[in-house]
Amino acid sequence: MDMIDRRLLLASAGLIGAGLAGTARAQSTAQGNGVSANAAPTGPDPTAKDRIRFAVIGLDHSHIYAMTDALIRGGGTLVAVHASDPKQLVPFRARYGDVKVARSEAEILDDKSVQVVASASIPNLRAPLGVRVMRAGKDFLSDKPGITSLAQLAEVRRTIAETRRKFAIMYSERLEVRAAVKAGELVHAGAIGRVVQTINIAPHRVSAPSRPEWFWDVANYGGILTDIGSHQADQFVFYTGSTEAQVVASQVGNFATPNHPKFQDFGDMMMTGNGGTGYVRVDWYTPDGLPTWGDGRVFILGTEGYIELRKYVDIQGRPGGNHLFIADRQGTRYIDCSTVPLPFGPQFVTDVVQRTEIAQNQAQALLAAELVLTAQDKARTLAGGQRPPVQDG
């Protein structure tokens, strides 16, 4: 499937400098998500068993397009949208048609026919919105990071316990990446034995001219580990099957963006859980020469083999993304995952209707959030240009 570049969505929304639009198009390659470059899904996937009505509040990050597509593929009907900035509605309605524009958040929360609210608002606003959504009797699907502080996490957990509603988080680097879905199938089938460790390397391109002002302040997005590290913590929890986990060490720094002193462009962390151990490195250093936004890689070590994912690019090999390599007792092989189905949408809609947890386990989703929030909270801050010091136990 032809994939859309997140920067092209920003360009269409007028959120990226006009001079960069052509560059963004030239750099576009397989993104590993489920968004068609041409149009929104025309209806549910054949595997979608149930139907819901959903609305969108908050269009501040282009991830909302993949989230909306997933819900439509799952059997959802988009009935309303609300955005704080009217300009954001133009590309959204161009993609999804003449969807009703709600005049306020309350108009959606008061609509008893709406079962799910999806949001990609500014990150620190997502958890409070999710609490209001759940108290209005609806389930919530947040872009990552869904939660940006430990205080927010405590409030989300209290609200879930009181309302019995869902606070789902779209960890798209696993849920909407076909190679990551295939890796999960292999791991859970025992293809590499017992998982011992995951290593996640997740570079991103900063694309500074396209970024809104809130992007540069850690208070708005929670810090680099909280933000893009949440994808990697989710993969650690999922692939190791951990139900309990702790942060061993973490560090963050700003090495390449001194003109934005409240920004973090590097971070890493070590974790251990009752299912395995994990290491994560995240950064905003993707060079302009790479033909996609980041060379995301995952290594899953098992007692009888290992898996490597090159999610978005094979820098000197096969075209496109969704590359999986496996070594096991039988030998080594390559699996092209470009046609692997994306089950999250249909599974999540079924979870909403039948009150199951097939698409996402609530406790594990929040455990991933807790790990990155804890890592961010305890992280050693590295001075710009300083070599990382040894961290005492």
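Residues numbered from 1 in each chain as written. Predicted model: local features only at pLDDT ≥ 70, side-chain atom pairs only at ≥ 80, totals over all residues. Heavy atoms only, no water.

Asks: What exactly am I supposed to notice about the pattern of salt bridges here?
Replies: One side chain can pair with another of opposite charge once the charged atoms of both are near each other. Applying the stated criterion across every chain, the model contains 24 salt bridges. Note that Arg135 is salt-bridged to Glu155, the shortest N-O span being 3.8 Å. One end of the pair, Arg135, is in helix α6 (residues 123-135); the other, Glu155, is in helix α7 (residues 150-163), with 20 residues separating them in the sequence. Between Lys144 and Asp227 there is a salt bridge, and its shortest N-O distance comes to 2.5 Å. Within this pair, whereas Lys144 is found in the loop between β4 (139-143) and α7, its partner Asp227 is found in helix α11 (residues 224-227), the two being separated by 83 residues in sequence. Residues Lys144 and Asp227 agree in their burial class; the two are buried. (Salt bridge = Lys/Arg side-chain N within 4 Å of Asp/Glu carboxyl O. Helix = DSSP H or I, 4+ residues; strand = E, 2+ residues; numbered from the N terminus. Buried < 20%, exposed > 50% of the residue type's maximum accessible area, 1.4 Å probe, protein only.)

Asks: Where do I start with unusual backbone geometry in this structure?
Replies: Excluding glycine, a negative phi dihedral is what most residues carry, and trans is how most peptide bonds are arranged. In this structure, the amide linkage connecting Lys144 to the following residue, Pro145, adopts the cis form with an omega of -10 degrees. Phi at Arg164 is positive, roughly 60 degrees, even though this residue is not glycine. With respect to the helices and strands, the residue Arg164 is situated in the loop between α7 and β5 (167-170). Accessibility expressed as a relative area gives 66% for Arg164, which makes it exposed. At Ser207, a residue that is not glycine, the phi angle is positive and equals roughly 45 degrees. As for its placement among the helices and strands, Ser207 is situated in the loop between β6 (195-203) and α10 (218-221). With relative accessibility at 6%, the residue Ser207 sits in the buried group.

Asks: Looking at this model, I keep getting lost on the side chain of Thr240. Mind explaining?
Replies: Here Thr240 shows up in helix α12 (residues 229-240). A polar contact of 2.8 Å, which involves the side chain of Thr240, links it to the side chain of Ser242. For Thr240, the residues in contact, after removing those within four places along its chain, are Val195, Thr198, Gln235, Gly275, Gly276 and Thr277. (Polar contact = N/O pair within 3.5 Å; in protein donor to acceptor, adjacent residues only side chain to side chain. Contact = heavy atoms within 4.5 Å.)

Asks: I would appreciate a short explanation of the sheet that holds strand β9 (residues 276-283) in the present structure.
Replies: Hydrogen bonds between backbone atoms are what pair the strands of a sheet, whose relative direction is either parallel or antiparallel. The sheet built from 9 strands is open, its strands ordered β13-β12-β11-β10-β6-β9-β8-β7-β14 with mixed pairing. Edge positions in the sheet fall to β13 (331-336) and β14 (380-382), since each has one partner strand and no second. Strand-to-strand twist of the sheet, defined as the mean angle between neighbouring strand axes without regard to direction, takes the value 10 degrees. In the sheet, β6 pairs with strand β10 (residues 297-302) via 6 bridges, with the strands oriented antiparallel. Residue pairing in the sheet places Gln197 in a bridge with Leu301 of β10. (Pairing = 2+ DSSP bridges. Axes fitted to C-alpha atoms, helices over the stretch in contact; angles between N-to-C directions.)

Asks: What exactly am I supposed to notice about the confidence of the model for the protein chain here?
Replies: When pLDDT drops low, the exact placement of atoms in the prediction is not to be read closely. Looking at the protein chain as a whole, its pLDDT mean stands at 90, while 88% of the residues score no less than 70. Low confidence marks residues 1-34, where pLDDT is under 50. Its contacts with residues over four positions away, or in another chain, come to 80 contacts. (pLDDT = per-residue confidence, 0-100.)

Asks: Can you help me understand the pairing of β6 in this one?
Replies: The side chains of a regular strand alternate between both faces of the sheet. Bridge count for β6 against β9 is 7 bridges, and the pairing is parallel. Counterpart to Pro203 in the pairing with β9 is Asp283.

Asks: For this particular structure, what's the right way to read a nonpolar patch on the surface?
Replies: On the surface, a nonpolar cluster with roughly 270 Å² of combined accessible area is contributed by Val196, Leu301 and Tyr306. Note that Tyr306 resides in strand β11 (residues 305-310). Judged by relative accessible area, Tyr306 falls into the partly exposed class, the value being 48%. (Patch = residues over 30% accessible without salt bridge, like charges linked within 9 Å, V, L, I, M, F, W, Y side chains within 5 Å. Areas by Shrake-Rupley, 256 points an atom, 1.4 Å probe, with all protein chains shown as cover.)

Asks: Explain the pairing of strand β12 (residues 323-328) to me, please; I cannot follow it from the model alone.
Replies: Most of β12 is tucked away, with 5 of its 6 residues classed as buried. Strand direction decides the pairing type here: β11 and β12, joined by 5 bridges, are antiparallel. Opposite Glu308, over in β12, you have Phe325 as the bridge partner. Counted between consecutive antiparallel strands, the loop separating β12 from β13 contains 2 residues.

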